[in-house]
Amino acid sequence: MSGPKWLNDAVFYEIYPQSFQDTNGDGIGDFEGIIERLDYIKNLGCNALWINPCYDSPFKDAGYDVRDYKSVAPRYGTNEDLYRLFDEAHRRSMHVFLDLVPGHTSEEHAWFRESGRAGHNEYSGRYIWSDLWIAGMQGHPYIAGECERNGTYMLNFFKCQPALNYGFGTVTAPWQDGLDDPEPHRTREAMKDVMRFWLSHGCDGFRVDMADSLVKDDDDSKSGTAEVWRDLRRVIDEEYPEAALVSEWSNPKQAVLGAHFNMDFYLDHPGKAYNTLVRDNETEGPDRSFFRKDAGGDIERFLPQFLSDYEAVKGHGYIAFITCNHDTPRMSRTLTERERKLAYAFLFTLPGVPFLYYGDEIGIPYFEDLPTKEGGYTRTGTRTPMQWNHGRNLGFSTADAAKLYLPVDPSEDAATVEDAEADPDSLYHTVQDILQLRHAQDDLKADGEFAVVYAKKESCPFLYRRGSLLLGVNPSGSAVTVPWEELSQVPDQLAGHKSAEPLFCIGGGGAAAEGITLEAQSFMIVR
Ligand code: NOJ
(Lines give C-alpha, C1' and ligand atoms only; values in the text may rest on other atoms or scores of the structure.)
Protein backbone atom coordinates (compact mmCIF):
# COMPACT_ATOMS: atom_id res chain seq x y z
CA MET A 1 0.00 0.00 0.00
CA SER A 2 1.67 3.21 -1.05
CA GLY A 3 -1.13 5.12 -2.67
CA PRO A 4 -1.69 6.89 -5.97
CA LYS A 5 1.34 8.04 -7.97
CA TRP A 6 0.35 11.69 -7.93
CA LEU A 7 1.29 11.96 -4.28
CA ASN A 8 4.96 11.69 -5.23
CA ASP A 9 4.81 15.18 -6.74
CA ALA A 10 2.06 16.65 -4.57
CA VAL A 11 2.45 19.90 -2.66
CA PHE A 12 -0.66 20.87 -0.72
CA TYR A 13 -2.02 24.31 0.08
CA GLU A 14 -4.31 24.43 3.11
CA ILE A 15 -7.25 26.82 2.86
CA TYR A 16 -9.29 27.99 5.82
CA PRO A 17 -12.27 28.88 3.63
CA GLN A 18 -13.67 31.55 5.94
CA SER A 19 -10.60 33.70 5.38
CA PHE A 20 -9.32 33.10 1.87
CA GLN A 21 -11.29 35.14 -0.66
CA ASP A 22 -14.74 36.65 -0.43
CA THR A 23 -16.45 37.28 -3.78
CA ASN A 24 -19.99 38.21 -2.76
CA GLY A 25 -19.17 40.95 -0.26
CA ASP A 26 -20.58 39.26 2.84
CA GLY A 27 -17.25 39.41 4.68
CA ILE A 28 -16.53 35.70 4.58
CA GLY A 29 -14.62 33.63 2.04
CA ASP A 30 -16.43 31.40 -0.46
CA PHE A 31 -15.94 28.65 -3.07
CA GLU A 32 -16.00 31.15 -5.91
CA GLY A 33 -13.11 32.94 -4.22
CA ILE A 34 -11.09 29.74 -4.10
CA ILE A 35 -11.86 29.06 -7.78
CA GLU A 36 -10.67 32.56 -8.70
CA ARG A 37 -7.39 31.96 -6.87
CA LEU A 38 -6.58 28.50 -8.23
CA ASP A 39 -4.17 29.94 -10.77
CA TYR A 40 -2.39 31.85 -8.02
CA ILE A 41 -1.97 28.67 -5.98
CA LYS A 42 -0.79 26.63 -8.96
CA ASN A 43 1.65 29.35 -9.95
CA LEU A 44 3.07 29.37 -6.44
CA GLY A 45 3.90 25.69 -6.90
CA CYS A 46 1.08 23.97 -5.00
CA ASN A 47 -0.89 21.41 -6.96
CA ALA A 48 -3.30 20.15 -4.32
CA LEU A 49 -5.67 21.73 -1.80
CA TRP A 50 -6.92 20.82 1.62
CA ILE A 51 -10.02 22.80 2.48
CA ASN A 52 -11.04 22.90 6.17
CA PRO A 53 -14.63 21.71 6.88
CA CYS A 54 -17.05 23.58 4.66
CA TYR A 55 -20.21 21.68 5.60
CA ASP A 56 -23.41 22.91 7.17
CA SER A 57 -22.60 23.67 10.81
CA PRO A 58 -23.51 25.91 13.76
CA PHE A 59 -19.78 26.83 13.69
CA LYS A 60 -19.06 26.46 17.37
CA ASP A 61 -15.73 24.91 16.32
CA ALA A 62 -15.18 26.59 12.95
CA GLY A 63 -17.05 23.81 11.12
CA TYR A 64 -15.50 20.83 12.91
CA ASP A 65 -18.97 20.53 14.41
CA VAL A 66 -20.71 19.10 11.33
CA ARG A 67 -24.50 19.36 11.20
CA ASP A 68 -24.91 17.78 7.78
CA TYR A 69 -22.05 15.85 6.19
CA LYS A 70 -23.50 16.06 2.70
CA SER A 71 -24.46 19.73 2.39
CA VAL A 72 -22.07 22.62 2.31
CA ALA A 73 -22.57 25.67 4.52
CA PRO A 74 -24.55 28.25 2.51
CA ARG A 75 -22.05 30.94 3.46
CA TYR A 76 -19.51 29.30 1.11
CA GLY A 77 -21.92 28.63 -1.77
CA THR A 78 -23.80 25.53 -2.89
CA ASN A 79 -22.82 21.91 -3.35
CA GLU A 80 -22.80 22.63 -7.10
CA ASP A 81 -20.25 25.41 -6.52
CA LEU A 82 -18.02 22.96 -4.70
CA TYR A 83 -18.36 20.39 -7.50
CA ARG A 84 -17.36 23.16 -9.91
CA LEU A 85 -14.34 23.88 -7.73
CA PHE A 86 -13.33 20.20 -8.08
CA ASP A 87 -13.71 20.48 -11.86
CA GLU A 88 -11.76 23.72 -12.10
CA ALA A 89 -8.97 22.24 -9.98
CA HIS A 90 -8.85 19.10 -12.12
CA ARG A 91 -8.67 21.20 -15.29
CA ARG A 92 -5.44 22.60 -13.85
CA SER A 93 -4.16 19.14 -12.85
CA MET A 94 -4.76 19.93 -9.20
CA HIS A 95 -6.31 17.68 -6.54
CA VAL A 96 -8.72 18.68 -3.78
CA PHE A 97 -9.03 17.19 -0.29
CA LEU A 98 -11.97 17.95 1.94
CA ASP A 99 -11.81 17.59 5.70
CA LEU A 100 -13.49 14.44 7.00
CA VAL A 101 -14.60 14.65 10.62
CA PRO A 102 -15.41 11.04 11.53
CA GLY A 103 -15.04 11.13 15.33
CA HIS A 104 -17.93 13.41 16.22
CA THR A 105 -20.73 15.52 14.82
CA SER A 106 -22.37 18.70 15.99
CA GLU A 107 -24.92 18.27 18.76
CA GLU A 108 -27.30 19.71 16.14
CA HIS A 109 -26.77 16.85 13.67
CA ALA A 110 -30.02 14.99 12.91
CA TRP A 111 -28.38 11.70 13.98
CA PHE A 112 -27.66 13.11 17.41
CA ARG A 113 -31.11 14.62 17.85
CA GLU A 114 -32.61 11.20 17.14
CA SER A 115 -30.04 9.48 19.31
CA GLY A 116 -31.02 11.61 22.32
CA ARG A 117 -34.69 10.60 22.19
CA ALA A 118 -36.18 8.43 24.94
CA GLY A 119 -37.46 5.66 22.68
CA HIS A 120 -35.20 3.31 20.73
CA ASN A 121 -34.62 4.27 17.08
CA GLU A 122 -32.18 3.78 14.21
CA TYR A 123 -29.68 6.24 15.75
CA SER A 124 -29.81 5.16 19.39
CA GLY A 125 -26.46 3.40 19.03
CA ARG A 126 -24.75 5.94 16.73
CA TYR A 127 -23.15 7.80 19.66
CA ILE A 128 -21.70 6.63 22.96
CA TRP A 129 -24.30 6.71 25.73
CA SER A 130 -24.22 5.36 29.26
CA ASP A 131 -27.30 3.51 30.46
CA LEU A 132 -28.35 5.87 33.28
CA TRP A 133 -28.87 9.64 33.36
CA ILE A 134 -26.47 9.95 36.29
CA ALA A 135 -23.84 7.43 35.19
CA GLY A 136 -20.44 8.93 34.40
CA MET A 137 -17.85 7.72 31.89
CA GLN A 138 -14.54 7.04 33.51
CA GLY A 139 -11.66 8.83 31.89
CA HIS A 140 -13.83 10.54 29.29
CA PRO A 141 -15.68 13.86 29.21
CA TYR A 142 -19.45 13.49 29.09
CA ILE A 143 -22.63 15.51 29.31
CA ALA A 144 -25.67 14.85 31.44
CA GLY A 145 -29.09 16.43 31.60
CA GLU A 146 -29.43 17.65 27.99
CA CYS A 147 -31.66 15.06 26.34
CA GLU A 148 -34.76 13.06 27.15
CA ARG A 149 -32.83 9.81 26.93
CA ASN A 150 -31.98 8.06 30.21
CA GLY A 151 -28.22 8.28 29.82
CA THR A 152 -25.18 10.54 29.55
CA TYR A 153 -23.22 10.95 26.32
CA MET A 154 -19.51 11.11 25.61
CA LEU A 155 -17.79 14.10 24.05
CA ASN A 156 -14.96 13.87 21.55
CA PHE A 157 -13.71 17.45 21.84
CA PHE A 158 -15.83 20.51 22.72
CA LYS A 159 -19.19 20.35 24.48
CA CYS A 160 -20.89 20.70 21.08
CA GLN A 161 -19.19 17.56 19.67
CA PRO A 162 -20.68 14.23 20.85
CA ALA A 163 -18.52 11.19 20.08
CA LEU A 164 -19.68 8.79 17.38
CA ASN A 165 -19.73 5.15 18.39
CA TYR A 166 -16.96 2.99 16.90
CA GLY A 167 -16.88 0.78 20.00
CA PHE A 168 -14.38 0.20 22.79
CA GLY A 169 -11.04 -1.59 22.62
CA THR A 170 -11.63 -2.93 26.11
CA VAL A 171 -15.27 -3.28 27.13
CA THR A 172 -15.81 -2.72 30.86
CA ALA A 173 -19.49 -1.77 31.11
CA PRO A 174 -22.71 -3.19 29.67
CA TRP A 175 -23.47 0.02 27.73
CA GLN A 176 -20.18 -0.19 25.83
CA ASP A 177 -19.98 -1.90 22.44
CA GLY A 178 -16.99 -3.88 21.24
CA LEU A 179 -15.42 -3.06 17.90
CA ASP A 180 -17.32 -5.74 16.08
CA ASP A 181 -20.75 -5.15 17.56
CA PRO A 182 -23.47 -4.11 15.12
CA GLU A 183 -23.79 -0.43 16.11
CA PRO A 184 -20.09 0.46 15.62
CA HIS A 185 -20.31 -1.30 12.25
CA ARG A 186 -23.29 0.85 11.33
CA THR A 187 -21.30 3.97 12.23
CA ARG A 188 -18.52 2.78 9.91
CA GLU A 189 -20.98 2.24 7.08
CA ALA A 190 -22.42 5.72 7.64
CA MET A 191 -18.95 7.23 7.39
CA LYS A 192 -18.19 5.21 4.25
CA ASP A 193 -21.36 6.63 2.78
CA VAL A 194 -20.11 10.17 3.51
CA MET A 195 -16.76 9.39 1.88
CA ARG A 196 -18.43 7.89 -1.18
CA PHE A 197 -20.70 10.89 -1.50
CA TRP A 198 -17.87 13.41 -1.87
CA LEU A 199 -15.57 11.11 -3.84
CA SER A 200 -18.34 10.46 -6.34
CA HIS A 201 -18.66 14.22 -6.86
CA GLY A 202 -14.98 14.69 -7.66
CA CYS A 203 -13.24 15.11 -4.31
CA ASP A 204 -9.78 13.49 -4.36
CA GLY A 205 -9.50 12.44 -0.75
CA PHE A 206 -9.63 13.67 2.80
CA ARG A 207 -7.63 15.15 5.57
CA VAL A 208 -9.00 13.16 8.49
CA ASP A 209 -9.71 14.98 11.72
CA MET A 210 -8.58 13.31 14.97
CA ALA A 211 -8.12 10.09 13.05
CA ASP A 212 -6.68 8.37 16.12
CA SER A 213 -9.74 9.08 18.27
CA LEU A 214 -12.30 6.62 16.94
CA VAL A 215 -12.11 3.58 19.21
CA LYS A 216 -12.35 4.37 22.92
CA ASP A 217 -10.16 2.71 25.55
CA ASP A 218 -8.03 1.37 22.73
CA ASP A 219 -4.64 -0.22 23.44
CA ASP A 220 -1.42 1.79 23.36
CA SER A 221 -0.73 1.01 19.73
CA LYS A 222 -4.31 2.03 18.80
CA SER A 223 -4.86 -1.30 17.10
CA GLY A 224 -8.65 -1.00 17.32
CA THR A 225 -8.73 2.39 15.64
CA ALA A 226 -6.27 1.08 13.04
CA GLU A 227 -8.58 -1.83 12.29
CA VAL A 228 -11.49 0.56 11.75
CA TRP A 229 -9.40 2.60 9.30
CA ARG A 230 -8.31 -0.42 7.32
CA ASP A 231 -11.98 -1.10 6.85
CA LEU A 232 -13.02 2.52 6.10
CA ARG A 233 -10.31 2.94 3.51
CA ARG A 234 -11.62 0.04 1.50
CA VAL A 235 -13.88 2.65 -0.10
CA ILE A 236 -10.70 4.23 -1.45
CA ASP A 237 -8.79 1.08 -2.33
CA GLU A 238 -11.68 -0.70 -4.00
CA GLU A 239 -13.72 2.13 -5.50
CA TYR A 240 -11.53 5.26 -5.75
CA PRO A 241 -7.90 4.09 -5.97
CA GLU A 242 -6.73 7.50 -7.18
CA ALA A 243 -7.92 9.10 -3.94
CA ALA A 244 -5.88 9.36 -0.74
CA LEU A 245 -6.10 10.05 2.98
CA VAL A 246 -3.92 12.11 5.30
CA SER A 247 -4.39 11.68 9.02
CA GLU A 248 -4.30 14.01 11.95
CA TRP A 249 -2.53 11.46 14.13
CA SER A 250 1.10 12.63 14.32
CA ASN A 251 2.38 9.13 14.75
CA PRO A 252 3.33 7.90 11.26
CA LYS A 253 4.10 4.36 12.40
CA GLN A 254 0.62 3.89 13.81
CA ALA A 255 -1.15 5.89 11.13
CA VAL A 256 0.64 4.56 8.03
CA LEU A 257 1.73 1.06 9.03
CA GLY A 258 -1.20 0.30 11.33
CA ALA A 259 -4.12 2.24 9.92
CA HIS A 260 -2.92 2.37 6.28
CA PHE A 261 -3.14 6.12 5.84
CA ASN A 262 -1.26 7.39 2.79
CA MET A 263 0.22 10.24 4.81
CA ASP A 264 0.37 11.36 8.40
CA PHE A 265 1.06 14.89 9.61
CA TYR A 266 4.02 15.85 11.71
CA LEU A 267 2.27 18.27 14.09
CA ASP A 268 3.22 20.46 17.02
CA HIS A 269 1.82 17.92 19.48
CA PRO A 270 3.64 17.39 22.78
CA GLY A 271 6.74 15.22 22.53
CA LYS A 272 7.01 15.49 18.76
CA ALA A 273 10.33 16.16 17.09
CA TYR A 274 8.75 18.61 14.64
CA ASN A 275 8.49 21.14 17.47
CA THR A 276 12.23 21.33 17.84
CA LEU A 277 12.57 22.69 14.32
CA VAL A 278 10.37 25.74 14.27
CA ARG A 279 8.26 26.05 17.45
CA ASP A 280 10.08 24.95 20.54
CA ASN A 281 7.04 24.88 22.78
CA GLU A 282 8.21 21.96 24.88
CA THR A 283 10.89 23.18 27.19
CA GLU A 284 11.04 25.88 29.82
CA GLY A 285 13.34 28.78 29.03
CA PRO A 286 14.43 30.20 25.70
CA ASP A 287 13.11 28.94 22.37
CA ARG A 288 15.78 26.59 21.03
CA SER A 289 14.16 25.90 17.66
CA PHE A 290 16.70 24.66 15.15
CA PHE A 291 15.92 27.44 12.70
CA ARG A 292 16.44 30.32 15.14
CA LYS A 293 19.72 32.01 14.40
CA ASP A 294 20.82 32.26 18.01
CA ALA A 295 19.46 28.99 19.34
CA GLY A 296 22.51 26.79 18.81
CA GLY A 297 21.07 24.74 15.94
CA ASP A 298 20.66 21.26 17.41
CA ILE A 299 19.34 19.00 14.64
CA GLU A 300 19.89 16.00 16.91
CA ARG A 301 16.73 16.90 18.77
CA PHE A 302 14.86 16.19 15.54
CA LEU A 303 16.74 13.46 13.74
CA PRO A 304 16.31 10.32 15.85
CA GLN A 305 12.51 10.44 15.82
CA PHE A 306 12.37 11.53 12.20
CA LEU A 307 14.77 8.85 10.95
CA SER A 308 12.96 6.17 12.88
CA ASP A 309 9.58 7.24 11.44
CA TYR A 310 10.94 7.77 7.94
CA GLU A 311 12.67 4.39 7.76
CA ALA A 312 9.58 2.68 9.13
CA VAL A 313 7.03 4.15 6.72
CA LYS A 314 9.21 4.37 3.59
CA GLY A 315 7.50 2.53 0.76
CA HIS A 316 4.19 2.40 2.63
CA GLY A 317 3.26 6.04 2.99
CA TYR A 318 4.56 9.49 3.77
CA ILE A 319 5.22 11.93 6.54
CA ALA A 320 3.40 15.19 5.78
CA PHE A 321 5.29 18.31 6.90
CA ILE A 322 3.40 21.52 7.58
CA THR A 323 4.50 25.14 7.60
CA CYS A 324 1.60 25.65 9.98
CA ASN A 325 -2.10 24.84 10.17
CA HIS A 326 -5.32 26.40 11.43
CA ASP A 327 -4.60 25.15 15.00
CA THR A 328 -0.98 26.23 15.26
CA PRO A 329 0.65 29.64 15.76
CA ARG A 330 2.16 30.85 12.51
CA MET A 331 5.95 30.60 12.37
CA SER A 332 6.05 34.37 11.83
CA ARG A 333 5.33 34.70 15.56
CA THR A 334 8.83 33.59 16.51
CA LEU A 335 10.96 33.26 13.37
CA THR A 336 12.32 36.09 11.24
CA GLU A 337 11.71 36.08 7.50
CA ARG A 338 15.22 34.77 6.85
CA GLU A 339 14.73 31.99 9.39
CA ARG A 340 11.46 31.05 7.73
CA LYS A 341 13.07 30.97 4.29
CA LEU A 342 15.51 28.37 5.58
CA ALA A 343 12.81 26.45 7.42
CA TYR A 344 10.54 26.27 4.36
CA ALA A 345 13.43 25.28 2.09
CA PHE A 346 14.18 22.45 4.52
CA LEU A 347 10.58 21.28 4.99
CA PHE A 348 9.93 21.38 1.22
CA THR A 349 13.00 19.25 0.48
CA LEU A 350 12.44 16.46 2.98
CA PRO A 351 11.03 13.16 1.74
CA GLY A 352 7.25 13.06 2.12
CA VAL A 353 4.46 15.46 1.20
CA PRO A 354 4.58 19.13 2.24
CA PHE A 355 1.59 21.25 3.25
CA LEU A 356 1.74 25.05 3.07
CA TYR A 357 -0.80 26.97 5.13
CA TYR A 358 -2.41 29.87 3.22
CA GLY A 359 -0.64 33.15 3.81
CA ASP A 360 2.58 31.59 5.10
CA GLU A 361 4.09 32.24 1.68
CA ILE A 362 3.85 35.99 2.27
CA GLY A 363 4.47 35.93 6.00
CA ILE A 364 1.06 36.82 7.40
CA PRO A 365 1.61 37.56 11.10
CA TYR A 366 0.18 35.62 14.02
CA PHE A 367 -2.20 37.99 15.84
CA GLU A 368 -1.78 37.41 19.58
CA ASP A 369 -4.76 39.12 21.13
CA LEU A 370 -7.72 38.56 18.83
CA PRO A 371 -10.96 37.72 20.63
CA THR A 372 -11.94 34.12 20.00
CA LYS A 373 -13.97 33.43 16.87
CA GLU A 374 -16.01 30.26 16.28
CA GLY A 375 -14.22 28.32 19.00
CA GLY A 376 -10.78 29.38 17.82
CA TYR A 377 -9.40 30.78 21.11
CA THR A 378 -5.63 31.23 20.68
CA ARG A 379 -5.97 29.63 17.23
CA THR A 380 -7.93 32.66 16.04
CA GLY A 381 -4.69 34.61 15.49
CA THR A 382 -3.71 32.12 12.79
CA ARG A 383 -7.01 32.34 10.90
CA THR A 384 -7.13 35.96 9.71
CA PRO A 385 -7.93 36.91 6.10
CA MET A 386 -5.53 36.38 3.24
CA GLN A 387 -3.73 39.57 2.25
CA TRP A 388 -3.88 40.00 -1.50
CA ASN A 389 -3.21 43.68 -2.23
CA HIS A 390 -3.51 47.15 -0.75
CA GLY A 391 -7.11 47.61 -1.86
CA ARG A 392 -10.12 47.51 0.44
CA ASN A 393 -9.61 44.96 3.26
CA LEU A 394 -6.33 43.99 1.59
CA GLY A 395 -8.29 42.53 -1.31
CA PHE A 396 -9.98 39.90 0.82
CA SER A 397 -13.51 41.31 0.71
CA THR A 398 -15.47 44.38 -0.33
CA ALA A 399 -17.58 44.24 2.84
CA ASP A 400 -17.49 46.92 5.53
CA ALA A 401 -14.58 46.22 7.87
CA ALA A 402 -17.02 45.59 10.73
CA LYS A 403 -18.62 42.71 8.78
CA LEU A 404 -15.42 40.80 8.10
CA TYR A 405 -15.10 37.27 9.49
CA LEU A 406 -11.91 38.45 11.22
CA PRO A 407 -10.08 41.76 10.86
CA VAL A 408 -7.35 42.08 8.26
CA ASP A 409 -3.82 43.10 9.26
CA PRO A 410 -4.21 46.81 10.16
CA SER A 411 -0.55 47.76 9.72
CA GLU A 412 0.46 50.25 7.02
CA ASP A 413 3.04 47.90 5.59
CA ALA A 414 0.94 44.73 5.79
CA ALA A 415 2.44 41.97 3.65
CA THR A 416 0.50 41.33 0.45
CA VAL A 417 0.73 38.97 -2.47
CA GLU A 418 1.00 41.96 -4.79
CA ASP A 419 4.11 43.30 -3.01
CA ALA A 420 5.63 39.86 -2.59
CA GLU A 421 5.30 39.07 -6.28
CA ALA A 422 7.04 42.34 -7.17
CA ASP A 423 9.98 41.76 -4.80
CA PRO A 424 12.49 39.21 -6.13
CA ASP A 425 13.88 38.71 -2.60
CA SER A 426 10.55 37.94 -0.99
CA LEU A 427 9.66 34.87 0.99
CA TYR A 428 7.02 34.23 -1.69
CA HIS A 429 9.75 33.91 -4.35
CA THR A 430 11.79 31.59 -2.15
CA VAL A 431 8.74 29.35 -1.81
CA GLN A 432 8.04 29.50 -5.52
CA ASP A 433 11.65 28.79 -6.49
CA ILE A 434 12.10 25.86 -4.16
CA LEU A 435 8.77 24.32 -5.17
CA GLN A 436 9.60 24.75 -8.84
CA LEU A 437 12.87 22.93 -8.27
CA ARG A 438 11.10 20.20 -6.31
CA HIS A 439 8.71 19.59 -9.21
CA ALA A 440 11.61 19.52 -11.67
CA GLN A 441 13.89 17.12 -9.75
CA ASP A 442 12.66 13.61 -9.07
CA ASP A 443 15.19 13.32 -6.26
CA LEU A 444 13.38 16.05 -4.31
CA LYS A 445 9.91 14.53 -4.58
CA ALA A 446 8.15 12.53 -1.90
CA ASP A 447 9.73 9.19 -2.87
CA GLY A 448 13.28 10.48 -3.40
CA GLU A 449 15.85 8.83 -1.20
CA PHE A 450 17.03 10.59 1.98
CA ALA A 451 20.24 10.11 3.96
CA VAL A 452 22.14 12.08 6.58
CA VAL A 453 25.49 13.34 5.33
CA TYR A 454 26.61 15.42 8.31
CA ALA A 455 24.90 16.06 11.64
CA LYS A 456 26.47 17.06 14.93
CA LYS A 457 24.83 17.68 18.26
CA GLU A 458 24.43 21.38 19.06
CA SER A 459 26.34 22.47 15.99
CA CYS A 460 25.66 23.61 12.43
CA PRO A 461 25.40 22.87 9.56
CA PHE A 462 23.16 19.93 8.81
CA LEU A 463 23.88 18.22 5.48
CA TYR A 464 21.66 15.63 3.84
CA ARG A 465 21.31 13.84 0.57
CA ARG A 466 18.27 13.42 -1.64
CA GLY A 467 19.18 10.93 -4.36
CA SER A 468 22.05 12.52 -6.27
CA LEU A 469 21.60 15.95 -4.67
CA LEU A 470 23.47 17.24 -1.64
CA LEU A 471 21.60 19.72 0.54
CA GLY A 472 22.86 21.81 3.41
CA VAL A 473 21.34 24.18 5.90
CA ASN A 474 23.12 26.47 8.31
CA PRO A 475 20.70 28.45 10.48
CA SER A 476 23.50 29.87 12.65
CA GLY A 477 24.97 33.36 12.38
CA SER A 478 28.46 32.19 11.32
CA ALA A 479 29.85 30.67 8.14
CA VAL A 480 30.94 27.03 8.43
CA THR A 481 33.06 24.67 6.33
CA VAL A 482 32.87 20.90 6.73
CA PRO A 483 35.90 19.02 5.33
CA TRP A 484 35.14 16.17 2.91
CA GLU A 485 36.56 13.54 5.30
CA GLU A 486 33.81 14.28 7.81
CA LEU A 487 30.97 13.59 5.42
CA SER A 488 29.22 10.32 4.87
CA GLN A 489 27.03 9.25 1.96
CA VAL A 490 28.33 11.92 -0.41
CA PRO A 491 26.77 11.51 -3.84
CA ASP A 492 29.29 9.86 -6.21
CA GLN A 493 29.32 12.67 -8.75
CA LEU A 494 30.26 15.15 -6.05
CA ALA A 495 32.92 13.05 -4.39
CA GLY A 496 34.69 12.87 -7.76
CA HIS A 497 34.65 16.59 -8.52
CA LYS A 498 34.71 18.19 -5.11
CA SER A 499 33.62 21.46 -6.57
CA ALA A 500 30.19 22.50 -7.66
CA GLU A 501 28.00 25.53 -8.11
CA PRO A 502 24.77 25.40 -6.12
CA LEU A 503 21.59 24.56 -7.96
CA PHE A 504 19.70 26.61 -5.42
CA CYS A 505 20.95 28.84 -2.67
CA ILE A 506 19.85 31.17 0.09
CA GLY A 507 22.68 33.15 1.59
CA GLY A 508 25.65 31.62 -0.23
CA GLY A 509 27.74 28.53 -0.10
CA GLY A 510 29.29 25.86 -2.28
CA ALA A 511 31.52 22.85 -2.61
CA ALA A 512 35.27 23.33 -3.09
CA ALA A 513 38.52 21.40 -2.55
CA GLU A 514 38.55 22.06 1.20
CA GLY A 515 34.96 20.97 1.76
CA ILE A 516 31.40 22.19 1.83
CA THR A 517 30.92 25.78 2.91
CA LEU A 518 27.71 27.37 4.07
CA GLU A 519 27.56 31.07 4.84
CA ALA A 520 25.67 32.40 7.87
CA GLN A 521 21.94 31.62 7.71
CA SER A 522 22.12 29.75 4.46
CA PHE A 523 20.63 26.84 2.57
CA MET A 524 21.95 25.24 -0.57
CA ILE A 525 21.43 22.40 -2.99
CA VAL A 526 24.30 21.08 -5.11
CA ARG A 527 24.40 18.28 -7.60
C1 NOJ B 1 -8.62 19.02 15.14
C2 NOJ B 1 -8.90 20.20 14.27
O3 NOJ B 1 -7.76 20.52 13.52
C4 NOJ B 1 -9.34 21.31 15.18
O5 NOJ B 1 -9.41 22.53 14.51
C6 NOJ B 1 -10.67 20.92 15.78
O7 NOJ B 1 -11.04 21.90 16.74
C8 NOJ B 1 -10.58 19.57 16.49
N9 NOJ B 1 -9.84 18.59 15.74
C10 NOJ B 1 -11.95 19.00 16.75
O11 NOJ B 1 -12.55 18.54 15.57
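In case you missed it, the structure is sitting above this.
Residues numbered from 1 in each chain as written. Predicted model: local features only at pLDDT ≥ 70, side-chain atom pairs only at ≥ 80, totals over all residues. Heavy atoms only, no water.

Q: Sorry if this is basic, but what is going on with the sheet that holds strand S13 (residues 450-456) here?
A: Backbone-to-backbone hydrogen bonds join strands into a sheet, with any given pair of strands oriented parallel or antiparallel. Sheet architecture is open: 5 strands sit in the order S13-S14-S15-S20-S17, paired in antiparallel fashion. Of all strands in the sheet, those with a lone pairing partner are S13 and strand S17 (502-506), marking the two edges. Between one strand and the next, the sheet's axes are offset by a mean angle of 10°, whatever the strand orientation. With 5 bridges joining them, S13 and strand S14 (residues 459-466) adopt antiparallel strand pairing. Its bridge partner lying in S14, Ala451 is registered against Arg465. Sitting on the sheet, helix H10 (residues 303-313) is in contact with S13 and S14, with an inclination near 165° to S13. (Pairing = 2+ DSSP bridges. Helix = DSSP H or I, 4+ residues; strand = E, 2+ residues; numbered from the N terminus. Axes fitted to C-alpha atoms, helices over the stretch in contact; angles between N-to-C directions. Contact = heavy atoms within 4.5 Å.)

Q: How should the environment of Lys222 be read in this particular structure?
A: For Lys222, the location among the structural elements is in the loop between strand S8 (205-208) and helix H6 (223-232). If we skip the residues at most four places from it in the chain, Lys222 touches Asp212, Trp249 and Gln254.

Q: When you look at H6 in this model, what are you seeing that I'm missing?
A: Residues spaced three or four apart along an α-helix face the same direction, because each turn holds 3.6 residues. Counted residue by residue, H6 has 7 buried out of 10 residues, so it is predominantly covered. Buried residues belonging to H6 abut strand S5 (95-100), helix H5 (182-200), S8, helix H7 (234-239) and helix H8 (252-258). (Buried < 20%, exposed > 50% of the residue type's maximum accessible area, 1.4 Å probe, protein only.)

Q: Help me out: how do you make sense of the packing of H5 against H6 in this one?
A: Helix packing geometry: the angle between the two helix axes and the distance between the axes. Across the interface, H5 lies against H6 with an axial gap of 10 Å and an inter-helix angle of 45°. Classified by the interaxial angle, the pair formed by H5 and H6 is oblique. In this structure, H5 crosses over H6, and the sense of that crossing is right-handed. For the pair formed by H5 and H6, the contact residues are Arg188, Met191, Lys192 and Met195 on the first element and Glu227, Val228, Asp231 and Leu232 on the second. Residues that form the contact of H5 with H6 fall into these classes: 4 nonpolar, no polar and 4 charged. (Parallel < 35°, antiparallel > 145°, perpendicular 65-115°, else oblique. Left-handed = near helix turned anticlockwise from the far one by under 90°. Nonpolar A, V, L, I, M, F, W, Y, C, P; charged D, E, K, R; others polar.)

Q: How should I be thinking about the site of the ligand in this particular structure?
A: As a matter of local geometry, the ligand sits amid 13 residues, with Asp61, Asp209, His326, Asp327 and Arg379 nearest to it. One nitrogen or oxygen atom from the side chain of Arg207 is found 3.0 Å from an oxygen atom belonging to the ligand. Relative to its unbound accessible area of 290 Å², the ligand is 98% covered by the protein chains. Taken together, the residues of the shell around the ligand break down into 3 nonpolar, 3 polar and 7 charged. (Near = heavy atom within 4 Å. Polar contact = N/O pair within 3.5 Å; in protein donor to acceptor, adjacent residues only side chain to side chain. Areas by Shrake-Rupley, 256 points an atom, 1.4 Å probe, with all protein chains shown as cover.)

Q: Looking at this structure, I do not really get the sheet that holds strand S9 (residues 244-247). What am I missing?
A: Reading around the circumference, S1-S2-S5-S8-S9-S10-S11-S12 is the order of the 8 strands in this closed barrel, with parallel pairing throughout. Here the strands of the sheet are splayed against their neighbours by 25° on average, with no regard to which way each runs.

Q: Any chance you could explain the packing of aromatic side chains here in plain terms?
A: We describe a pair of aromatic rings using the distance from one ring centre to the other and the angle between the two ring planes. Inspection of every chain in the model, using the stated rule, returns 45 aromatic pairs. Each ring, one from Phe112 and one from Tyr127, has its centre 5.0 Å from the other, and the planes form 80°; the classification is edge-to-face. Pair noted here: Phe112 is in helix H4 (residues 110-115) and Tyr127 is in the loop between H4 and strand S6 (142-143), with a separation of 15 residues, a long-range link. Per residue, the accessibility class of Phe112 equals that of Tyr127, and both read buried. Ring-pair connections join several aromatic residues into one group, and the members of that group are Tyr266, Phe290, Phe291, Phe302, Phe306, Tyr310, Phe321, Phe346, Phe450, Phe462 and Tyr464. Over the aromatic face of Phe59 sits the side chain of Arg75, whose NZ or CZ is 3.4 Å from the ring centroid. (Phe/Tyr/Trp six-rings, centres within 6.5 Å; stacked < 30°, edge-to-face > 60°. Lys NZ or Arg CZ within 6 Å of the ring centre and 35° of its normal.)

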